[in-house]
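Fold and geometry: a report
Next come the chains, spelled out residue by residue.
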Amino acid sequence: MKYTLLCFLIVATQGVFGMKSDRPLLSEAQVRLARENIARYPEAQAIADSIIKAAAVWLEPSDEALKEMIPPPEIPRAFNSSFDGCPAHGKEAFKFGNYFWKMDPWNRPWKLVCPVGGEEYPSNDFLAFRKSGFKDRSLLTGPFADDGWGWRREGEKYKHWFVAYYCHWLWNKYLVPGVLNLSRAFVLTGDDRYARKALVILDRTAEFYPRMDHNKQSRYAQEFDPSYTGKILNAIWESLIVRDFAESYANIRSLPGLAGSPQAKKIEDSLLRVAMNGVFQGTVLGNYGMHQNALSAIAAALQDEAASRRVIDFLLNFTGGPYESEGTTFALENYIFRDGMAVESSPGYCMLWPSELQEVARLMKPLGVSLFTEPKMQVMFQAPSRMIVGGNTPTIGDTGSLFPGVTDFTTSQYRVALREMPHPLFARKLLDRGFYGEKCFQSYDDLFWPPLQEADLKRLAKGAPAYSETDNMGGYGLAMLRSPLNGPAASLYYGWADTSHGHFDRLFLEVYGWGKRLIPDLGYPQFATDNKGRTAWESSTLSHATVLVDEQRQQNAAKGSVHFLTSSPLLSAVELSAEDVYPQTSLYRRTTVLIPGDAPYLVDIFRVWGGHSHDYSIHGFNAPFSVEGLELSPVRTKGTLAGESVPYSFLYDDPDLEKPDRTRPFYSYRGSGYSYLYNIQRGRSEKPWSAVWKDSEAGIRMTFLPGQEAVIADGKPPAPNGVESLKYVLLRAKGSDLKTTFAAVLEPFRDAPKLAAVESLLPASDDTGAVVLRLVHPGGVDYVFSNLDSQSRRFKNIRFSGRFGWLRLDQNGKPAAAHVLNGEIEAGDFSLRSTPSLSGRVHSASTGRRQVMVELDREPGSDLDARLLVGSTVVFANALHNTGYRIKSARLQGKRLILTLPETIRVGKFLVEKVSPGILTTRTSLYLARSGYYRGCTLADSKGGFMGRVDDI
């Protein structure tokens, strides 16, 4: 179906809020309940014991010793000492993680220990140097002396920041968790000793906090980004510790003698209010929801009505500043796709939004603000379950790893979601995790709730969606091909990607089966910063299972389009395109088919029209690798795919970035990434050939059709995966104004592959983009047809016309099953013809009812039952925009088709400040506009009246 509507709402007024009297974070009744739970349930007692044990460590030092432990602003901070690792052992130390240094503030203050060799850094006694007022430089002894501003090896540009690293992690791993545990121990026990020690840390921090300036006191701002800001820590992590400071103060407010004291005023004015202004000014600025959470905690802790009003107005209505600070009135519309995923691309970062906003909503509820009633809040909490495919969350952008895993909310967060936004899915999550009775206590927050009961969860979970069918998250841009009975599955990402945590990976494929990521994406980079490896390889196009054009990564983050999604118990198929990521291509399209059953396989077709170089890149999982039917050259260990003279990771196609005095960031690299592939082998076959990855548990065989040169190479995944390399297969085409069709059969298997033969029934010279495959398996023979048009083709007694088709013949050569889209299949006396697709133009729409009325191009036949359209995919498109929805319900009204959709048809909201002929002006942050996301959308005013189409924004 092809229609022409997306709604885009303009608002002319900002939101309002109600105001009730401020209340503390925890009421007396909540504290009483927590203590009762601790006394009654061993699991609750265990949580309390762990907090009290962690807090007890901080009771031992004297108040003066504790004050001395807290670093003044003059000591810089660094989350990472060097991207080169340890001075003695280099990057070998990263085997122990990105933050590998060991430290012991109680026994070896201001010393870092290498996990490889056990040596200490810096070589000098920094504590003595600090006590000299940072003046006695005769104390800077030894070969690795550090005065706080790093040690530099002769001839190197960047320093090793030992002291700054220690200082950063002293705050992040010791001081901030310490004061939080002390305050919580006071809440749980009522013992004043814990509160008084917390007060010492908060008081000393308040003394230093106004002078904290991460921009002038950090390694990152000094060496990499002079504009980078923050306070104690960088702006993002600062929002986390500010929240903990606020909670810690709120927890000890009831300490006798504290209310109204000079210490209380000092903490409120010099710590909490300074931090609050830091949010308003952007020096405390996290991912969306993080600093909003901190603000909410500050407002609750201060108990000041004027401050609360300012915070609430900011949280709801602020617009026009940094996108991370946009008020929820606009952010929930503009930053959250209709299917609940945020604009961060990465599932892990996307889920920060609802995680943080849930806490904001909880803190704001006593102040008369109900964010829980916002429809997008509930949808956000359903999204992680919907996108699980093959038992995994797709590793899109900066998330996940090579190994199986699901990115989801905590059980405690689902408890809050069920209470505040009841939905069967949330009850099912809690039930499946056994979160009832004594098992309800898994975190500190759980202590303040009564236990849930199994019988109640079973009743509430009735009707929870299973998300077991093929699906498309059309707002976010993720197609999921699922098998019945949990067989092999696949995901394809075609969505818009932000430039911070998204990758240049449009149309990349992942395949799952038997508990493994058989074709895995590389996942989270080693360093999510301006690091060469992250930019030129880990987040670049070549490392993903997609196609590189003209030896350059994809040029932008534009979202792709859906052409069809079709499924049945016998198969699932999707066709997607993303021509905008390569302006020189007129076609950049992937068609992927999943056939489940006893001999499961996928057919993967990637068509690229335009450009002079096409590299189809794909790789398997961490398993022994072999090749069948292809004669390869000996392994060339010298150099890389970029050439024998190009060493590993050298940016040969952008040498300015290799200069010691480079002025451009690595983010500006747009090249091939060829220098990250090594151990090169080449080959070419006139017949289909296969590559196999197999371990003792499962495997995947990829069979490729002849026509392109093949390159086998090694590529390194990010170090934290613990895997040295993966085997990559590249199919390569070169020429002028290329028209390339790559075709592969991907066969997941447990014990052994079952396909006996794969052959193409079309000559290699066919440049129409058509693909016809014949596949032999134990159950018979399958035929797969894929066209760019509806041209009719005959192969002996089989004829096919249409966009896509599949035919299965049994062992006797008789038709056993078939599937056809927009066409017809004939095989002897058997024929199957699809009903012609419906098309038309949008007549009207209702954003509130999520309904679209379509004026059909033709009178529907009397045999059309509109109810059969339920579950099908409808594509709304015009020359500038394309998006797909699953149909929730449908009915005919003469020549008009009325569709109800499961998700909102509104994609944004903004505040109009100026109206000119053909132009509207706004200061609202429309973050997606940079990729052309809104072009082609329809404008509506605040009353729902249509105003025309968006041509540019």
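It should be noted that the structure appears before, not after, this text.
**Thoughts on the overall build of the protein chain**
Each helix and strand counted, the protein chain has 19 helices and 43 strands in total. Relative to a compact globule of 953 residues, whose C-alpha radius of gyration would be 30 Å, the protein chain shows 30 Å and is just as compact. The principal-axis extent of the C-alpha atoms belonging to the protein chain is close to 95 × 65 × 65 Å. Buried residues in the protein chain amount to 59% of all 953 residues. The long-range fraction of contacts in the protein chain, counting pairs at least 24 apart against all pairs at least 6 apart in sequence, stands at 65%. Summed over all atoms, the accessible surface of the protein chain reaches about 36800 Å², with 50% contributed by carbon and sulfur. Charge centroids of the protein chain, computed over 109 positive and 105 negative side chains, lie 3 Å from each other.

**Concerning the packing of aromatic side chains**
Summed over the entire model, instances satisfying the criterion amount to 62 aromatic pairs. When the ring of Trp689 is compared with that of Phe704, the centres are 4.8 Å apart and the planes differ by 40°; the resulting orientation is tilted. Of this pair, Trp689 sits in strand β19 (residues 689-694) while Phe704 sits in strand β20 (residues 699-704), and the two are 15 residues apart along the sequence. Of note, Lys716 hangs over the ring of Tyr648, and the distance from its end group to the ring centre comes to 5.9 Å.

**Let's talk about the pattern of salt bridges**
Counting across every chain of the model gives 64 salt bridges. Notably, a salt bridge pairs Lys67 with Glu64, separated by 3.7 Å at the nearest N-O pair. With a gap of 3 residues between them, Lys67 and Glu64 both fall in helix α3 (residues 63-69), about one helical turn apart. Ionic pairing is found between Glu913 and Arg923, a salt bridge with its closest N-O pair at 2.1 Å. Of the two residues, Glu913 is situated in the loop between β39 (906-911) and β40 (914-916) and Arg923 in the loop between β41 (919-921) and β42 (938-940); the sequence distance between them amounts to 10 residues. The class of Glu913 is partly exposed, set by a relative accessible area of 44%. The network of salt bridges with shared partners includes Arg338, Arg386, Asp471, Arg886 and Glu903.

**Re the nonpolar core**
Residues Trp101, Trp171, Leu188, Phe245, Val343, Leu447 and Tyr476 are the most contacted members of the largest nonpolar core, which totals 165 residues. The dominant element in this core, judged by the number of residues it contributes, is helix α5 (residues 162-189), at 17 residues. Beyond its immediate chain neighbours, meaning those up to four positions away, Leu447 contacts Leu33, Ala34, Asn37, Ile38, Ala44, Ile47, Leu188 and Phe441. Among the nonpolar cores identified, the runner-up in size contains 64 residues, and Leu522, Leu542, Ala545 and Tyr676 belong to it.

**A word on the side chain of Arg701**
With respect to the element layout, Arg701 can be found in strand β20. Owing to a relative accessible area of 13%, Arg701 belongs among the buried residues under this scheme. A polar atom in the side chain of Arg701 sits 2.7 Å from the backbone oxygen of Leu755. With sequence-adjacent residues up to four places away left out, Arg701 is seen in contact with Glu628, Ser690, Ala691, Val692, Val745, Leu746, Glu747, Phe749, Pro753 and Leu755.

**Overview of the pairing of strand β36 (residues 882-886)**
Taken across its 5 residues, β36 has 5 buried, putting it largely inside the fold. Covered by surrounding structure in β36 are Asn882, Gly884 and Arg886 together with Thr883 and Tyr885, the residues of both alternating faces. Two strands pair when backbone bridges link them, and strand β35 (residues 873-877) and β36 are joined in this way by 5 bridges, in the antiparallel orientation. Across the sheet, residue Val875 finds its bridge partner in β36, namely Gly884. The turn linking β35 back onto β36 is made up of 4 residues.

**What about the sheet that holds strand β8 (residues 489-493)?**
The antiparallel open sheet is built from 5 strands, whose spatial order is β6-β7-β8-β9-β10. A single partner strand is all that each edge strand has here, and the edge strands are β6 (471-473) and β10 (516-519). Between one strand axis and the next, the sheet turns by 20° as a mean value, whatever way the strands run. The pairing of β8 with strand β9 (residues 508-513) spans 5 bridges and is antiparallel. Residue pairing in the sheet places Ser491 in a bridge with Glu510 of β9.

**Focus: the sheet that holds strand β22 (residues 726-734)**
Overall, antiparallel pairing links the 5 strands, which are arranged β11-β16-β22-β21-β18 in an open sheet. Sheet topology places β11 (547-549) and β18 (677-683) at the edges, where each strand pairs with a single neighbour. On average, adjacent strands in this sheet sit at an angle of 25° to one another, irrespective of strand direction. Note that strand β16 (residues 613-619) and β22 share 7 bridges and pair antiparallel. Paired with Ser613 across the strands is Lys734, a residue of β22.

**Observations concerning the packing of helix α14 (residues 352-364) against helix α15 (residues 375-386)**
Two numbers describe how α14 lies on α15: the axes approach to 10 Å, and their chain directions differ by 140°. The orientation of α14 relative to α15 falls into the category oblique. When you trace α14 past α15, the crossing you get is left-handed. In this structure, α14 uses Pro354, Leu357, Gln358 and Ala361 to contact α15, whose residues at the interface are Met377, Met380 and Phe381. Counted by class, the contact of α14 with α15 contains 6 nonpolar, 1 polar and no charged residues.

**Concerning the side chain of Glu579**
The topology assignment puts Glu579 in the loop between β13 (571-577) and β14 (587-595). Of the side chains with opposite charge, Arg589 lies nearest to the buried Glu579, which makes no salt bridge, at 4.6 Å. Side-chain polar atoms of Glu579 contact the backbone nitrogen of Tyr588, separated by 2.9 Å. Ignoring anything within four residues of it in the chain, the contact list for Glu579 reads Thr585, Ser586, Leu587, Tyr588 and Arg589.

**Thoughts on unusual backbone geometry**
In this model, Tyr121 is joined to Pro122 through a cis peptide bond whose omega is -5°. Looking at the element boundaries, Pro122 is found in the loop between β5 (120-121) and α4 (126-131). Of note, Phe134 is a non-glycine position whose phi angle comes to about 65°, a positive value. The residue Arg850 is not glycine, and still its phi comes out positive at about 55°. Counting through the fold element by element, Arg850 comes out in the loop between β33 (840-846) and β34 (851-856). Overall, the relative accessible area of 27% leaves Arg850 in the partly exposed class.

**Details of the environment of Gly671**
Here Gly671 shows up in the loop between β17 (625-628) and β18. Here Gly671 falls in the buried class, since its relative accessible area comes to 8%. Taking the C-alpha atoms as reference, Gly671 lies 8.8 Å from Tyr652; in sequence the two are 19 residues apart. Those residues in contact with Gly671 that lie beyond four places of it in its chain are Ser540, Glu551, Gln552, Arg553 and Asp653.

**Section: the pairing of strand β21 (residues 709-715)**
Most of β21 sits out of view: 7 of its 7 residues are buried. Residues Glu709, Val711, Ala713 and Gly715 of β21 are buried on one face, and the alternating residues Ala710, Ile712 and Asp714, pointing to the opposite face, are buried as well. Sheet topology places β18 next to β21; 5 bridges connect them, and they run antiparallel. Directly across from Arg682, in β21, lies its bridge partner Val711.

**A look at helix α9 (residues 262-281)**
Under the 1.5 Å per step criterion, the end-to-end length of α9 is 27 Å for 20 residues, consistent within 8% with the ideal 28 Å. Maximal helix bending in α9 amounts to about 30°, located at Glu268. Of the residues making up α9, those classed as buried are Ala264, Ile267, Glu268, Leu271, Leu272, Ala275, Met276, Gly278 and Val279. Of the surrounding elements, those touching the buried residues of α9 are α6 (192-208), α8 (235-251), α10 (290-302) and α11 (305-317). One or two steps after α9, the chain reaches Gly282, where phi turns positive at roughly 95°.

Cut-offs used in this document
Residues numbered from 1 in each chain as written. Predicted model: local features only at pLDDT ≥ 70, side-chain atom pairs only at ≥ 80, totals over all residues. Heavy atoms only, no water. Helix = DSSP H or I, 4+ residues; strand = E, 2+ residues; numbered from the N terminus. Rg over C-alpha atoms; globule rule 2.2 N^0.38 Å. Buried < 20%, exposed > 50% of the residue type's maximum accessible area, 1.4 Å probe, protein only. Contact = heavy atoms within 4.5 Å. Areas by Shrake-Rupley, 256 points an atom, 1.4 Å probe, with all protein chains shown as cover. Lys, Arg positive; Asp, Glu negative; His and termini not counted. Charge placed at Lys NZ, Arg CZ, Asp CG, Glu CD. Phe/Tyr/Trp six-rings, centres within 6.5 Å; stacked < 30°, edge-to-face > 60°. Lys NZ or Arg CZ within 6 Å of the ring centre and 35° of its normal. Salt bridge = Lys/Arg side-chain N within 4 Å of Asp/Glu carboxyl O. Core = buried A, V, L, I, M, F, W, Y, C linked by side-chain atoms within 4.5 Å. Polar contact = N/O pair within 3.5 Å; in protein donor to acceptor, adjacent residues only side chain to side chain. Pairing = 2+ DSSP bridges. Axes fitted to C-alpha atoms, helices over the stretch in contact; angles between N-to-C directions. Parallel < 35°, antiparallel > 145°, perpendicular 65-115°, else oblique. Left-handed = near helix turned anticlockwise from the far one by under 90°. Nonpolar A, V, L, I, M, F, W, Y, C, P; charged D, E, K, R; others polar. Expected span 1.5 Å × (residues − 1). Bend = angle between axes of the 7 residues up to and from the residue.

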